[in-house]
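Read off the chains here:
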Amino acid sequence: MIAGPMRRAFLLSLASAALIAGAAAAQEDGLPVTSPLVQAACGACHATDDAGRMSRISWQRKSAEGWQITILRMIRTGNVNLTAEDARNVVRYLTDHHGLAPEEERPIFYLAEQRPHQEAFADDEELMAVTCSRCHLTARFRAQRRTPEEWDLLKGMHVGYFPVIEGQTFRGEDGGERWAVDRVLDQLKEKYPFETADWRRYQAKGPGPGIAGRWFLDAHQPGSGPIAGIVEFRPDDDSVGNYGYEANLVHADGTTETRLGAGVLYGGFSFRGRSSGARLGDRRAAMLLAADGQTLEGRLFSGRFGEDGMDAVLTRAGGGVRIAAAWPRAGRAGETLEGVRILGAGFDENAAGSLDFGAGVTVSAARRSSELELSVDLAIGEGAPLGYRDVAVGGIRLVDGFAVYDRVDYIRVGPEMALSRVGGAVAPKQFVQFEATGWHRGPDGERLTDDDLALGQIPVRWSTEEYFIRDEDADTRFVGNIDDRGLFTPGLDGPNPERELMADNMGDVWVVAEHDDPLSGETLRDRARLVVAPPVFLYWDLFPQRAGAGGQ
């Protein structure tokens, strides 16, 4: 019986033998590797055939994060010696030439965005969930395309590096003749093949025009409100697809910010970047370019787990006015509002005089603060029709940008379910930003229906309440605290001497928001469930932010 390091070496040798056979069987496919850097970095282990195809590499396609993880593993276990710049360039080449088509990357882009996401499996994928998702997000393997031989070799790699996995998950629990992982591989071969129609269409179209030029940014920061501005991308003359950029932004409270950054547009459509500024600090960006090349959509985020993030849309900016948001975004009938901010771009000296909020709403005063902001005083008539208004500046309209209401009928807390992690001693903390929004019942008088009016963020009191799982666990005392902006900070990791049996600071609580209506005197409340979990001590997937996908 072979055990220990000898077993690992033996299994890896079997995988190498299968590698040669698999590559020979798939000679009719494969993508040639034309990069001298990739050939030099990988050629010691990956042979090149007469057509320029390199074993393993030419029969796989992955996202930028997938190739980065592969390169990091080769550096760690394969004695590959690369400078940081060379490693970035290898990832860049492989993603550009051995990557995913836009239609293939979009469903799993939440991995690049580090967006909280509840992964789901089809009815026939239960075995896949048990076998693969004990260690990986499903986006990890769904972001790959391989030939059947390459999917089989992935099994050999796992058994070679992690022998215990054979008994833990790969064999399965039903005692069948075939291993569970072999049945999963059948599904992966069928659902994620190397050759796809999406890939062929993408290859035929080419990478597109790039993203150089001015873009209008429309974003929302949970807990703070809308953000708008102009982002200008400047191409790097020395490297196609690399960009520097400058963003001039205005926030909901009128604060302005200039941000400087750099990024890479992989494959002509998949952007990764980093930027820094005084208000938002250091932020990473993951965004996808639409097929028509007119919008970039994704997420700007920071934090060890990407938890401090905001959705953002960038639209190519021509001349003229653009409107992102009115803040606050609602007013009560009969109310006078001073200092309502209109965030956007292209506001000239005449813009304030052309503002219009529709029937029953009078613009009593308007001022231009900058190219990005107007300040407006509004008088809303007692009999003003309830409902959404378009905010117009000249001939440009923000559809449903402002709402008129007579009462706040209910509030909602988001996210409805959230995960936090204790930390601060041996592992990073995972924070959660909550936000409370007000709602009106709408014309049908019923809550939670499609015609309800969203009134935007409203002032609330934040607190936590016990989510009862067992008696006297007192989670609200130990799991952490939530501040007046809705930011939850978890407790310290490790045993807590103040807790019964020196238990740690994990637990389950309700996060509660309460709003006091100034007219009715009624207190409206809503709550969300929060699970405060253990730290992540061991990462099976190397998080992209450790090195930054492509160095960004």
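Residues numbered from 1 in each chain as written. Predicted model: local features only at pLDDT ≥ 70, side-chain atom pairs only at ≥ 80, totals over all residues. Heavy atoms only, no water.

Asker: Quick one: what's the story with the environment of A286, residue by residue and with numbers?
Answerer: With respect to the helices, strands and loops of the structure, A286 is situated in strand β8 (residues 283–289). A286 gets classed as buried once you look at its relative accessible area, which sits at 0%. Sequence separation of A286 and F271 is 15 residues, and the distance between their C-alpha atoms is 5.7 Å. Sequence-distant contacts of A286, defined by excluding residues within four places in its chain, comprise F109, A112, E113, F271, R272, E297, G298, R299 and F301. (Helix = DSSP H or I, 4+ residues; strand = E, 2+ residues; numbered from the N terminus. Buried < 20%, exposed > 50% of the residue type's maximum accessible area, 1.4 Å probe, protein only. Contact = heavy atoms within 4.5 Å.)

Asker: Residue-level account of the nonpolar core, with values.
Answerer: If you look at the biggest cluster of nonpolar residues, it comprises 33 residues, and the most contacted ones within it are I211, L217, F233, F271, L296 and L314. For this core, the secondary-structure elements that each account for two or more residues are α12 (197–205), β3 (213–221), β4 (225–235), β5 (242–251), β8, β9 (295–302) and β10 (308–316). By residue number, the principal contributor to this core is β8, which donates five residues. The residues touching I211, leaving out its near neighbours within four places in the chain, are F233, Y243, L265, F271, L289, L296 and R316. (Core = buried A, V, L, I, M, F, W, Y, C linked by side-chain atoms within 4.5 Å.)

Asker: Could you give an account of the sheet that holds strand β21 (residues 432–433), with specific residues and numbers?
Answerer: Read from one edge of the open sheet, three strands run β21-β26-β25, paired in antiparallel fashion. The outermost strands of the open sheet, each flanked by one partner alone, are β21 and β25 (480–482). Of the strand pairs in this sheet, β25 and strand β26 (residues 487–490) are connected by three bridges, and their pairing is antiparallel. Bridged to I482 within β26 is F488. (Pairing = 2+ DSSP bridges.)

Asker: So what about the packing of aromatic side chains? Which residues, and what values?
Answerer: Applying the stated criterion across every chain yields a total of twelve aromatic pairs. Their ring planes at 80° and their centres at 5.6 Å tell us that Y202 and F269 sit as a pair that is edge-to-face. Placement of the pair is Y202 in helix α12 and F269 in the loop between β6 (256–266) and β7 (270–276), with a sequence separation of 67 residues. Each member of the pair, Y202 as well as F269, carries the same accessibility label: buried. Ring centres of F434 and W462 lie 6.4 Å apart, and the angle between their planes is 40°; this geometry places the pair in the tilted category. With F434 in the loop between β21 and β22 (435–440) and W462 in strand β24 (residues 461–466), this residue pair connects regions lying 28 residues apart in the sequence. Given the relative accessible area of 0%, F434 is considered buried. (Phe/Tyr/Trp six-rings, centres within 6.5 Å; stacked < 30°, edge-to-face > 60°.)

Asker: A description of the packing of helix α9 (residues 148–161) against helix α11 (residues 180–191) should follow, citing residues and the corresponding values.
Answerer: Running from N to C, α9 and α11 cross one another at 145°; their axes reach a closest spacing of 10 Å. In this structure, α9 meets α11 at a crossing whose hand is right-handed. Contact with α9, carried on its side by P148, W151, D152 and K155, involves V181, D182, L185, L188 and K189 of α11 and no other residues of that element. Residues of the contact of α9 with α11, tallied by class, amount to five nonpolar, no polar and four charged. (Axes fitted to C-alpha atoms, helices over the stretch in contact; angles between N-to-C directions. Left-handed = near helix turned anticlockwise from the far one by under 90°. Nonpolar A, V, L, I, M, F, W, Y, C, P; charged D, E, K, R; others polar.)

Asker: Can you break down the pairing of β4 residue by residue, with the values?
Answerer: Of all eleven residues in β4, eight are buried, a share of seventy percent or more. Here β3 folds back onto β4 in antiparallel fashion, the turn holding three residues, of which G223 has a positive phi close to 90°. In this structure, β4 lies alongside β5, joined through nine bridges in antiparallel fashion. The partner of P235 across the bridge, within β5, is Y243.

Asker: Pulling in residues and values, what's your account of unusual backbone geometry?
Answerer: Omega for the bond connecting W327 with P328 falls within 30 degrees of zero, at 0°, which places this linkage in the cis form. Topologically, P328 is positioned in the loop between β11 (322–327) and β12 (330–332). Geometrically, the link from G414 to P415 is a cis peptide bond, its omega value of -5° lying close to zero. In this structure, P415 sits in the loop between β19 (410–414) and β20 (417–421). A positive phi is found at N79, a non-glycine position, where the angle reads about 60°. Here N79 shows up in the loop between α3 (64–77) and α4 (84–97). Owing to a relative accessible area of 73%, N79 belongs among the exposed residues under this scheme. Positioned with a positive phi, L501 is a non-glycine residue whose angle comes to about 60°.

Asker: Outline the pairing of strand β27 (residues 507–516), listing residues and values.
Answerer: Most of β27 sits out of view: eight of its ten residues are buried. Judged from the six bridges that link them, β24 and β27 form a sheet pairing that is antiparallel. Directly across from W462, in β27, lies its bridge partner A513. Hairpin connection between β27 and strand β28 (residues 523–533): a loop of six residues separates the two successive antiparallel strands, and G521 in this loop has a positive phi of roughly 75°.

Asker: Quick rundown of the side chain of R73? Include the residues and the values.
Answerer: Structurally, R73 can be placed in helix α3. Among the residues examined, R73 registers a relative accessible area of 17% and is labelled buried.

Asker: Break down the pattern of salt bridges for me, with residues and values.
Answerer: Per the counting criterion, the structure on display carries 39 salt bridges. Where D390 meets R397, a salt bridge forms, and the shortest distance between an N and an O atom there is 3.9 Å. A relative accessible area of 26% places D390 in the partly exposed class. Given the relative accessible area of 51%, R397 is considered exposed. Each member of the salt-bridge network shares a partner with another, and the members are R461, E465, E514, D516 and R525. (Salt bridge = Lys/Arg side-chain N within 4 Å of Asp/Glu carboxyl O.)

Asker: I'd like a description of the state of the cysteines, backed by residues and values.
Answerer: In a disulfide, the sulfur atoms of two cysteines are held together by a covalent bond. The full count for this structure, using the stated rule, is zero disulfides. Between C42, a cysteine without a disulfide, and C45, which holds the nearest cysteine sulfur, the sulfur-to-sulfur distance is 8.7 Å. With no disulfide of its own, C132 lies closest to C135 among cysteine sulfurs, the gap being 9.1 Å. Taking the relative accessible area as the measure of exposure, C132 reaches 15% and is therefore buried. (Disulfide = S-S within 2.5 Å.)

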